[in-house]
Amino acid sequence: MADFTAAQAAVVRIERAEEGRWDLSVISDSGVEMGHGVYLFDAAHDDDEDEQTAAADFVQQYGFRFERDAVVADGPDAFWAPLLPSDAA
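The following refers to the structure shown. Note that this is a predicted model, so its numbers are computed, not measured. (Residues numbered from 1 in each chain as written. Predicted model: local features only at pLDDT ≥ 70, side-chain atom pairs only at ≥ 80, totals over all residues. Heavy atoms only, no water.)

We now examine the pairing of strand β2 (residues 21-28). In terms of residue burial, β2 counts as a mostly covered element, since seven of its eight residues are buried. Sheet topology note: the β2/strand β3 (residues 33-40) ladder contains seven bridges and is antiparallel. Its bridge partner being in β3, Leu-24 is matched across the sheet by Gly-37. Taking the residues that link successive antiparallel strands as the turn, the β2-β3 hairpin has four residues, and the phi of Gly-31 there is positive, at about 95°. (Buried < 20%, exposed > 50% of the residue type's maximum accessible area, 1.4 Å probe, protein only. Helix = DSSP H or I, 4+ residues; strand = E, 2+ residues; numbered from the N terminus. Pairing = 2+ DSSP bridges.)

The final tally for this structure, using the stated rule, is three aromatic pairs. Between Trp-22 and Phe-79 the ring centres are 6.0 Å apart and the planes differ by 40°, which places this aromatic pair in the tilted class. Placement of the pair is Trp-22 in strand β2 and Phe-79 in strand β6 (residues 78-82), with a sequence separation of 57 residues. Like Phe-79, Trp-22 is buried. Judged by centre distance (5.3 Å) and plane angle (70°), the ring pair of Phe-58 and Tyr-62 falls under edge-to-face. On the basis of relative accessibility, which here comes to 6%, the residue Phe-58 falls in the buried class. (Phe/Tyr/Trp six-rings, centres within 6.5 Å; stacked < 30°, edge-to-face > 60°.)

Further remarks concern the pattern of salt bridges. Across all of its chains, the model carries six salt bridges by this definition. Of the charged contacts, one joins Glu-19 and Arg-16 as a salt bridge, the two residues approaching to 4.0 Å between their closest N and O atoms. Its relative accessible area of 62% is what places Glu-19 among the exposed residues. A relative accessible area of 21% places Arg-16 in the partly exposed class. Residue Asp-23 pairs with Arg-21 through a salt bridge whose shortest N-O separation is 2.8 Å. Owing to a relative accessible area of 25%, Arg-21 belongs among the partly exposed residues under this scheme. It is possible to trace a salt-bridge network through shared partners that takes in Arg-13, Glu-15 and Asp-74. (Salt bridge = Lys/Arg side-chain N within 4 Å of Asp/Glu carboxyl O.)

Spelled out as structure tokens, the structure:
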């Protein structure tokens, strides 16, 4: 686990890398990748809800959370959301 300040970690990015795999990244305010994870799934579970749940679990490891209604599509297979400090951190 890395130590980030709220000013350093700006967004989580969720991007389909290939069929059955989403890449999850914590991106700093300056655009630098600060953390990376992979979400592997069964095709029957390929929906926005599962990807957002995986991303929420991923960013929680770094002490962050995001509001699901703040998730923005960035093309057909990519999404991002601004990060907030986790209440549990």
